[in-house]
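Architecture at a glance
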2 protein chains.
Amino acid sequence: MQSSQAGGPKKRISESTIHRLSLYYRALSLLEKENYETVSSKELAKREKLTPAQVRKDLSFFGSFGTRGLGYPVTELKKRIATILGIDRVWRVALIGVGNIGSALVSYKEFAKQGFHIVKLFDNDQRKIGSNHKGMIVSDIANLEQELTEARIEVVVVAVPATVAQYIVDDVVRAGVKAILNFAPINLRVPEDVYLRNENMAMELEYLSFAMVNNHTPKRVK
Amino acid sequence: MQSSQAGGPKKRISESTIHRLSLYYRALSLLEKENYETVSSKELAKREKLTPAQVRKDLSFFGSFGTRGLGYPVTELKKRIATILGIDRVWRVALIGVGNIGSALVSYKEFAKQGFHIVKLFDNDQRKIGSNHKGMIVSDIANLEQELTEARIEVVVVAVPATVAQYIVDDVVRAGVKAILNFAPINLRVPEDVYLRNENMAMELEYLSFAMVNNHTPKRVK
DNA sequence: ACTAACATGTGAAATACTTCACAAGAAGTA
DNA sequence: TACTTCTTGTGAAGTATTTCACATGTTAGT
Ligand SMILES: NC(=O)c1ccc[n+]([C@@H]2O[C@H](COP(=O)([O-])OP(=O)(O)OC[C@H]3O[C@@H](n4cnc5c(N)ncnc54)[C@H](O)[C@@H]3O)[C@@H](O)[C@H]2O)c1
Ligand SMILES: NC(=O)c1ccc[n+]([C@@H]2O[C@H](COP(=O)([O-])OP(=O)(O)OC[C@H]3O[C@@H](n4cnc5c(N)ncnc54)[C@H](O)[C@@H]3O)[C@@H](O)[C@H]2O)c1
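Everything numeric here is computed off the predicted structure, so don't read it as measured data.

A tally of regular secondary structure across chain A gives nine helices and nine strands. When its C-alpha atoms are laid out on the principal axes, chain A stretches across 60 × 45 × 35 Å. Partitioning the intrachain contacts of chain A with sequence separation of at least 6 by distance along the chain shows that 57% fall at a separation of at least 24. Carbon and sulfur atoms provide 51% of the accessible area of chain A, an area that totals close to 10800 Å². Considering chain A, the positive charge centre built from 32 side chains and the negative charge centre built from 24 side chains are found 9 Å apart.

Printed below as a string of structure tokens:
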């Protein structure tokens, strides 16, 4: 019995909760492989270094999926979370910038497994345009807006140098794309209705550095 | 006048604050290039989509670096943050797994600019061992523990398949390394005194997907 | 020297998020 | 059926984080 309504849950869901859903999803995928039929919030928590209460609270925002005394049905819960996260469908993704990181992403099979299908590649380098990457031909960035629209792209991954990222994103926005994952270390401006996430590796390294220098006590739950 | 003591600040600093320091650092680097001498919390906030109060509060945990009526001295503050984050020095980094993502990271110059010098590469693929990547010879993972110690490695980046990541990390921990950045989509077990951060790209994509499906209202500060 | 405009640094208030703690349901046993 | 054990789902309590709001200090203009 799902207590959330069609069109999304009633109350604002925190970003942390959404991120943890990703963790639960991953854990459930593993549990499924290990032939677990059910799993308790305790076990799920242990596997992702969280507290059982946190797990139950997170899930409770979206409905009640478990059985008292027994736990959650693994396969069923995994499906539910996939639906909540919107990864029970295919998202058409375009990757812009087929360089070092871009090429790595194209070869990454996990994305497709989660429904993110890279179906278009763009670059401005004449040597790369027209070349074949994993069965895809690299398109010229010159026709970006039109090609994004024609290919019905829903998600764009930006893997170009920071200096040109904003111009490209402006085009992407003009093409009506509402979701962007950005790898360039720069804060991009997008309209209110466009979702933008940044993948900032320096940030994580700097956290490690800070922690070592300051003997930081991380919040180790459980 | 720094109100924090040697050995780290008095009160626990939140992870979010540390992450925002990374943002401030990046913004200040840009401001420096644009020849700004000082910057207000307002301007800094605008550039990183935060609130001025947040900026001031974050900085105030570490001291008072600004001048009323004027703002913060750009170059000076940048240096201070570098010291706080521990990136005013060189960190000796080893990269394990010279595959798609690993190769991309080796070529990434930004890391070195922030003090993270990749000085060792490891793999278990005979075709890769001994080969040259950006002037470095790929070492055999077989001697991992010993070589990490000999090379005085302080940070390890894990870019191997998820299936082998735990074994490798166990070795890394045995070698006395206290900081690990992991790209494998798996929850690694490390002792309490080892700092571990995960780079989880699926999580960000899944957030985008969730947001689109649920019309999520992100916390857009300011 | 006075005034107006700015902008920091910080307690206190407001929000947001996490954890507690327990009523209540389910399953197994006898 | 009665009893024990397990575990969910959730208000309420407890923490943590963010934002407010203002006293205090600085600069610049006249
Ligand atoms: N390499 C990494 O490990 C890494 C890690 C984190 C972030 N990043 C960021 O990701 C981005 C790409 O990094 P990279 O190492 O892959 O660089 P890269 O130079 O290897 O790749 C950039 C690609 O973008 C293309 N490009 C440049 N200008 C373009 C334009 N105007 N239109 C279309 N394509 C254009 C280039 O031809 C190239 O193929 C950078 O912003 C970098 O800071 C890289
Ligand atoms: N490619 C991506 O864009 C991407 C994105 C996010 C996360 N990841 C994760 O990063 C990791 C690496 O991904 P990839 O795409 O680079 O894979 P890859 O197969 O290209 O590279 C893996 C490398 O690890 C080496 N390796 C395998 N077993 C090893 C062992 N026991 N000891 C030492 N080296 C070993 C392989 O020889 C190879 O060079 C994976 O866990 C993947 O899930 C990759």
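So, about the site of ligand 2. For ligand 2, the set of nearby residues contains 23 residues, the closest of which are Tyr108 of chain A together with Ile101, Asp123, Lys128 and Val160 of chain B. Within the backbone of valine 98 of chain B, one N or O atom sits 3.5 Å away from an oxygen atom of ligand 2. The separation between a nitrogen atom of ligand 2 and a polar main-chain atom of asparagine 124 of chain B is 3.3 Å. When ligand 2 sits alone it has 820 Å² of accessible area, and the protein chains cover 84% of it. Elements with a minimum of two residues in the shell around ligand 2: α5 (100-106) of chain A together with α5 (100-106) and α8 (162-174) of chain B. The greatest single-element share of the shell around ligand 2, amounting to three residues, is contributed by α8 of chain B.

Before going further, it helps to examine the nonpolar core. In this structure, Leu44, Leu59 and Ile81 of chain A together with Leu44, Leu59 and Ile81 of chain B are the most contacted members of the largest nonpolar core, which totals 104 residues. Those residues within four positions of isoleucine 81 of chain A in sequence are excluded, and the remaining contacts are Leu21, Tyr24, Tyr25, Leu28 and Leu59 of chain A.

Here we take up the pattern of salt bridges. All names here are of chain B. Under the criterion given, the structure shown has 30 salt bridges over all chains. Two residues, glutamate 15 and arginine 197, come together in a salt bridge whose shortest N-O distance is 3.0 Å. With glutamate 15 in helix α1 (residues 15-33) and arginine 197 in strand β9 (residues 195-198), this residue pair connects regions lying 182 residues apart in the sequence. Judged by relative accessible area, glutamate 15 falls into the partly exposed class, the value being 33%. Judged by relative accessible area, which is 11%, arginine 197 ranks as buried. Lysine 78 is paired through a salt bridge with glutamate 32; the nearest N and O atoms lie 3.0 Å apart. Here the residue lysine 78 occupies a position in helix α4 (residues 74-85), and glutamate 32 occupies one in helix α1, the gap between them amounting to 46 residues. The class of glutamate 32 is partly exposed, set by a relative accessible area of 27%.

So, about the site of ligand 1. Around ligand 1 sit 23 residues in total, of which Asn100, Asp123, Lys128 and Val160 of chain A together with Tyr108 of chain B are the nearest. Around ligand 1, the neighbouring residues derive from chains A and B rather than from a single chain. Lysine 128 of chain A is positioned with one of its side-chain polar atoms (N or O) 2.7 Å from an oxygen atom of ligand 1. With respect to ligand 1, the backbone of alanine 104 of chain B contributes an N or O atom lying 3.2 Å from an oxygen atom. Contact with the protein chains covers 84% of the free accessible surface of ligand 1, which is 810 Å². For the shell around ligand 1, the elements supplying multiple residues, two or more each, are α5 and α8 (162-174) of chain A together with α5 of chain B. Here the shell around ligand 1 takes three residues from α8 of chain A, the largest share from any one element. When its residues are assigned to classes, the shell around ligand 1 shows 16 nonpolar, four polar and three charged.

Moving on, we come to the relation of the copies chain A and chain B. Structural alignment of chain A on chain B gives an RMSD of 0.1 Å, achieved by rotating through 180° and translating 0.0 Å along the axis. Interpreted geometrically, this transformation is the action of a two-fold axis. Of the interface residues in chain A, 100% have counterparts in chain B that sit at the interface too, so the contact is made through matching surfaces.

To continue, consider the domain arrangement of chain A. Once the domains are mapped, chain A shows domain 1 (15-85) and domain 2 (91-203). Taking the mean C-alpha position of each, domain 1 of chain A and domain 2 of chain A sit 31 Å from one another.

The strands that make up a sheet are held in pairs by hydrogen bonds between backbone atoms, and each pair lies either parallel or antiparallel. All names here are of chain A. Across the sheet, seven strands lie side by side as β5-β6-β4-β3-β7-β8-β9; this open sheet has mixed pairing. Because the sheet does not close on itself, it has two edges, and the strands there are β5 (132-133) and β9 (195-198). Pairing between β5 and strand β6 (residues 136-140): two bridges, direction antiparallel. Its bridge partner being in β6, asparagine 132 is matched across the sheet by isoleucine 137.

Another aspect to go through is the interface of chain A and chain B. In this assembly, 68 residues from chain A lie in contact with 68 residues from chain B. Taken together, the connections running from chain A to chain B amount to two salt bridges. Put simply, arginine 197 of chain B and glutamate 204 of chain A hold a salt bridge, and the shortest N to O gap is 2.6 Å. Taken together, the connections running from chain A to chain B amount to 30 residue pairs in polar contact (both at pLDDT 80 or more). Listed by contribution, the elements that provide at least two residues to the side of chain A that touches chain B are α1 (15-33), α4 (74-85), α5, β8 (179-182), β9 and α9 (201-214) of chain A. Ranked by the residues each element gives to the side of chain A that touches chain B, the list is headed by α9 of chain A, at 14 residues. In terms of residue class, the side of chain A that touches chain B is made up of 38 nonpolar, 16 polar and 14 charged.

Here α4 of chain B spans 16 Å end to end across 12 residues, near enough to the 16 Å set by a 1.5 Å rise per residue. Taken together, the buried positions of α4 of chain B are occupied by Val74, Leu77, Lys78, Ile81, Ala82, Ile84 and Leu85 of chain B. Down the axis of α4 of chain B, the smallest arc covering the buried residues is 160°, so these residues share one side. Buried residues belonging to α4 of chain B abut α9 of chain A together with α1, β1 (38-39), α2 (41-47), α3 (52-60) and β2 (72-73) of chain B. Looking at the residues trailing α4 of chain B, positive phi occurs at glycine 86 of chain B, about 75°.

Calculation notes
- Throughout, a residue's number is its position along its own chain's written sequence, starting from 1.
- For naming, the first written chain is A and the first written ligand is 1, with later ones following in the order written.
- Reporting of local features is limited, given that this is a predicted model, to residues whose pLDDT is at least 70; pairs of side-chain atoms are given and counted only at 80 or more, and all residues count toward the totals for whole chains, interfaces and linings.
- As a rule here, side-chain values cover all heavy atoms of the structure and leave hydrogens and water aside.
- Per the convention used, a helix needs a DSSP run of H or I reaching at least four residues, while a strand needs a run of E reaching at least two, with both numbered from the N terminus.
- Only heavy atoms matter for contacts: two residues are in contact if any of them lie within 4.5 Å across the pair.
- The protein chains shown are the only cover counted for residues, whose accessible areas, like all others here, come from Shrake-Rupley with a 1.4 Å probe.
- In this tally Asp and Glu are treated as negative and Lys and Arg as positive; neither His nor the chain ends contributes.
- We put the charge of a Lys on NZ, of an Arg on CZ, of an Asp on CG and of a Glu on CD.
- Whether a residue is near a molecule or strand is decided by its heavy atoms; if any one of them lies within 4 Å of it, the residue is near.
- The term polar contact refers here to a pair of N or O atoms within 3.5 Å; inside protein, the definition further demands a hydrogen-donor-capable atom paired with an acceptor-capable atom, and it admits residues adjacent in sequence only when both atoms are side-chain atoms.
- Put simply, a nonpolar core is a bunch of buried Ala, Val, Leu, Ile, Met, Phe, Trp, Tyr and Cys residues held in one set by side-chain atoms that sit within 4.5 Å of each other.
- For every residue, the accessible area obtained with a 1.4 Å probe (protein chains only) is divided by the maximum for its type, and the residue is called buried under 20%, exposed over 50%, and partly exposed between those limits.
- Salt bridges, as used here, are contacts in which a Lys or Arg side-chain nitrogen is within 4 Å of a carboxyl oxygen on Asp or Glu.
- Ten residues, namely Ala, Val, Leu, Ile, Met, Phe, Trp, Tyr, Cys and Pro, are considered nonpolar, four, namely Asp, Glu, Lys and Arg, are considered charged, and the remaining ones, Gly among them, are considered polar.
- Here the copies were fitted onto each other by least squares, based on C-alpha atoms from residues at pLDDT of at least 70 in both.
- Where each domain starts and ends comes from a domain assignment, either automatic or drawn from a database.
- One requirement defines pairing of two strands: DSSP has to find at least two bridges between them.
- Expected helix span is given by 1.5 Å per residue-to-residue step, counting one fewer step than there are residues.
- An arc is given here, and it is the one of the directions from the helix axis to the C-beta atoms.

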